[in-house]
Every structure is written in structure tokens, then in C-alpha cells.
Amino acid sequence: MPQYFPPNTNAFVRWALLGGGAFTVALIVALPIYARTMNNAVGVPVEQPIAFAHNLHATQLGIDCRYCHTSVEVAASANVPASETCMTCHSQVRVGSPQLAALWTSWEADAPLEWNRVHDLPEYAYFNHSAHITNGVGCSTCHGRVDQMEGIWKNEPLTMGWCMECHRAPERFVRPRSEVFNMAYQPPSDQLTLGRELVAAYHIDTEKLISCSTCHR
Amino acid sequence: MNRALRLVVLALAGVLLLAGCGRNMAEQPRVGPSQATPFFADGSGNRTLLEGTVSRERGAIDPVFFTGQSEGALVTELPVELTFELLLRGQERYDIYCAMCHGYTGEGDGMVVRRGFPRPASFHDQRLLDASVGYYFNAMTNGFGRMYSYAGRIPAEDRWAIAGYVKALQLSQNATIDDVPADVRRALELAGTEGSIR
């Protein structure tokens, strides 16, 4: 039988195995480190077509989150308001302000304002706002003090590990339903006791919370 | 095979492996809420309702429930059962959607009015005291004066709750101590002296 492989093939295979092994080990070590340390754009303001100030609208004027994000209690997605919602006030208030030029363009052309996405979950993760709200997860638990933000940015990394912090132990975070939209809510000192009571009262199925198909369906 | 060719083949195989590193699982070829899409001519993934679309809220078509009118006249009775829960729901929704202009007591002195929006009439003016629940439902549904329609933002069920609450608000603002049951009156007076009544 003729020799198909030259003698240096042995060395090649040896190095390839060694290299492949080292590469795999490096991946296993580096990926979690990367995932845990990467900032994920937390705290980085996202530029928008209009410099909308949440702090002005929510805190100074006292407008409820739901005035604009109307679908948050009943749908998976918390809608970004239509230009019509802005115009409900701004057809009369601060008319002619250069800051609102993009709004008027959108209104007159009957074309939506193109806001830039701030929270963008990968599409293999299913997320539902209404399910969280009806089970006592407050707006500020995930979004931070949006009512104090002049711009808008992500307050949490929204990684799976971060989601699991609550999905593994919801009693650490749930609030009474009446406090969900209270942006200034502070958990009581006996949060764990209250949390356990609420988890029971809201029939939160803690087994389901850690099942893969709850979020990856 | 010479050495150079072998290297080229290896490099190509490496490139093929890298092709698996895209984020295409995270960005799937489907449209999510409010996303742009080249699929439709106007580039918007959100579609407007076709003309003549019938709401399937409440399962069936009920003209009184959806228009607040019966045979062309505004209804004077709620088409839903009046319960304490309905009024509480109405209060919550009123405080979210209406109080910004109409004020928490209905005086028409909300925060947006203080920032320049023309002042709406007080709900405690005689004309509006005489107005029916259907009148308020109609104003929310179709808009009124400078007020835009809220039909796209507040479901019909909630608009009725708000209409009911506005009537309750009117009663509350024009009530006297004689309207309070005797057993509650004492507690109310005590609370009043402490300045803690809302």
C-alpha cells in the first residue's frame, strides 16, 4: 500500500489536536468572562430624533407611564407612542419649538417618527410586559429611574444571567401590584417575607420561571 | 498537494466555520411590534386598520356600548353594570389619561393646562353637571374641541368606567356633610382635623 500521507502529517495532527483543544478551553473560559464583563450599552444614552425628556414629562408634569405606553398592561410589547399621542398636547403646547420639528414633520406627512431602539432582546427570547406587570414586577426594577432620565438608556444588561437573578428567586423583587408604576418605590426591609407572600398570592409558579420554554419558545 | 495549496484549503475551511458566528438567531427574518420592514411599501411593520374594520372587543357588535348613542341620542345610563370596582377602575384611568388637563378634581386645572394648554371647562360647571354619561363617553371616543380622540388609547370598557367616575367626581365635589352617613361622619371630621384627608 502506498503512503498517502507524508511523514510530517503526524506532527500536523498532533498540533491540530493540541490547538483545537486549547481553542475550546479558551472559548469556555473567555465567553462567560466576556458575557459578564461586557457593558451591553448599560448607561449609554441612545440618540433619538427628538431629545425627549422623560424627567420633564414624568416627574415635573407627573404624567403616568401608561399615558404614552398604553399597551404595557395588556400586551407583550410596551408601545412607543404614536405621534398622535405627542400631538395631543403639543398641538397646543410649545408649538413652533425647533425641538419638536421632527414631530410636526411626522404628523404632517402621516409617517411614524423613527425612534431608535433602546432595549433590544435577541429574538429567540420571548418577553411579555403584561405578564411581568400583573405579577408585581415594577417598571423601575428593570428600567431604572426612567422618570429621572433626561435622555434614555438601558439601566440593566438584559442578559440571560440577569433575567435569572429574578426568575430563580422572584421573592427578592416582586412588589404589590399597586406599586408597579410607582417609580420611587423602595422595597421594605422585610422584602423577602413580603416577596414570599406576594409570590403565593399572585400564584407565581417558580418551577415554570426556570423552565427553558417559558422564555425560549 | 503542495504546501501552499494545503494552507489555502485550511484557510477556506476556517472561513466556513466563521460563517456560523452571525447573530441571525437574534435577528430573525420576521417583523416585531413597531419595527421597520421593507416588506410593505410604506416601510412600517405596524399596519393601520382597514376601513370598515369591526372591533371584536366584547365579542359582539353593540352600538350603544361602542358609540354611547342610542337612536341618535347620547345615552344617559351606563351600558355596563355600575359597581364600586368600575368606579375605582375609572378613577385609576382618569388619573392616568384625563387628570393631566382636567385636573384630579375635574376643575380643568391640570399640569398640562398650567404649561400652556387651553383650559378646558370645569366638570363642575352647570352645563357639564347636566351632561350625561353618554356625553363624556362620546367626547373621549370622538374627541372634543382641542381634545383628541382617546378611542385608540383607552378601550371602550375603560371609557365607560371613566365616564362613570366623572359623574361620581361631580357628586363628590358638590356634596355636603349631610350626604355623609352619620356613622362615617365622625371619623371624617376627626380625619379632617388631622389634615390627612385626601
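Look up a bit, the structure's there.
Thresholds, definitions, all that
- Residues numbered from 1 in each chain as written.
- Chains lettered and ligands numbered in written order.
- Predicted model: local features only at pLDDT ≥ 70, side-chain atom pairs only at ≥ 80, totals over all residues.
- Heavy atoms only, no water.
- Salt bridge = Lys/Arg side-chain N within 4 Å of Asp/Glu carboxyl O.
- Buried < 20%, exposed > 50% of the residue type's maximum accessible area, 1.4 Å probe, protein only.
- Helix = DSSP H or I, 4+ residues; strand = E, 2+ residues; numbered from the N terminus.
- Contact = heavy atoms within 4.5 Å.
- Axes fitted to C-alpha atoms, helices over the stretch in contact; angles between N-to-C directions.
- Parallel < 35°, antiparallel > 145°, perpendicular 65-115°, else oblique.
- Left-handed = near helix turned anticlockwise from the far one by under 90°.
- Nonpolar A, V, L, I, M, F, W, Y, C, P; charged D, E, K, R; others polar.
- Patch = residues over 30% accessible without salt bridge, like charges linked within 9 Å, V, L, I, M, F, W, Y side chains within 5 Å.
- Areas by Shrake-Rupley, 256 points an atom, 1.4 Å probe, with all protein chains shown as cover.
- Buried area = accessible area lost by both parts, 1.4 Å probe.
- Polar contact = N/O pair within 3.5 Å; in protein donor to acceptor, adjacent residues only side chain to side chain.

A. Main features of the pattern of salt bridges. Throughout the structure, instances matching the rule amount to 9 salt bridges over all chains. A salt bridge links Asp-64 of chain A to Arg-66 of chain A; its shortest N-O distance comes to 2.9 Å. Each member of the pair, Asp-64 of chain A as well as Arg-66 of chain A, carries the same accessibility label: buried. The salt bridge involving Arg-89 of chain B is made with Asp-158 of chain B; its shortest N-O contact spans 2.8 Å. Of the two residues, Arg-89 of chain B sits in helix H3 (residues 84-97) while Asp-158 of chain B sits in helix H8 (residues 156-173), which places them 69 residues apart along the sequence. One connected set of salt bridges, linked through shared partners, spans Asp-64, Arg-66 and Glu-73 of chain A together with Arg-89, Glu-92, Arg-93 and Asp-158 of chain B.

B. Up close: the side chain of His-57 of chain A. Inspection of the secondary structure assignment puts His-57 of chain A in helix H2 (residues 54-60). If we ignore the near neighbours within four places in the chain, the residues touching His-57 of chain A are Phe-52, Gly-62, Ile-63 and His-90 of chain A.

C. View of the packing of helix H7 (residues 133-142) of chain B against H8 of chain B. Residues and elements named next belong to chain B. It is at 9 Å that the axes of H7 and H8 come closest, and there the two elements cross at 130°. In terms of orientation, H7 and H8 fall into the oblique class. Note that H7 runs across H8; the crossing there is right-handed. Contacts between H7 and H8 involve Val-133, Gly-134, Tyr-136, Phe-137, Met-140 and Thr-141 on the former and, on the latter, Ala-156, Arg-159, Trp-160, Ile-162, Ala-163, Gly-164, Val-166, Lys-167 and Gln-170. In the contact of H7 with H8, the residues fall into 9 nonpolar, 4 polar and 2 charged.

D. Looking closely at a nonpolar patch on the surface. All names here are of chain A. Residues Phe-23, Leu-27, Ile-28, Leu-31, Tyr-34 and Met-38 make up a contiguous nonpolar surface patch of roughly 630 Å² in combined accessible area. Summarising the element assignment, Met-38 is placed in the loop between helix H1 (9-37) and H2. Judged by its relative accessible area of 32%, Met-38 is partly exposed.

E. Looking closely at H7 of chain B. Residues and elements named next belong to chain B. Of all 10 residues that make up H7, 9 are buried, and the element is covered over most of its length. Listed in full, the buried residues belonging to H7 are Val-133, Gly-134, Tyr-135, Tyr-136, Phe-137, Asn-138, Ala-139, Met-140 and Thr-141. In the core, the buried residues of H7 are packed alongside helix H2 (63-67), strand E1 (69-70), strand E2 (73-74), helix H6 (126-129) and H8. Taken from the residues just after H7, Gly-143 is the one with a positive phi, measuring 80°.

F. Local environment of the interface of chain A and chain B. With 28 residues of chain A in contact, the opposing surface of chain B contributes 27 residues. Regarding the contact of chain A and chain B, the summed buried area is about 2,600 Å², with carbon and sulfur atoms giving 52% of it. Summed over the shared surface of chain A and chain B, the result is 1 salt bridge. A salt bridge links Glu-73 of chain A to Arg-93 of chain B, with the shortest nitrogen-to-oxygen separation between them at 2.9 Å. Viewed at the interface, chain B and chain A are joined by 8 residue pairs in polar contact (both at pLDDT 80 or more). Taken together, the elements giving at least two residues each to the side of chain A that touches chain B come down to H2, helix H3 (65-68) and helix H4 (83-90) of chain A. For the side of chain A that touches chain B, the element with the highest residue contribution is H4 of chain A, accounting for 5 residues. Classifying every residue of the side of chain A that touches chain B by side-chain character gives 12 nonpolar, 9 polar and 7 charged.

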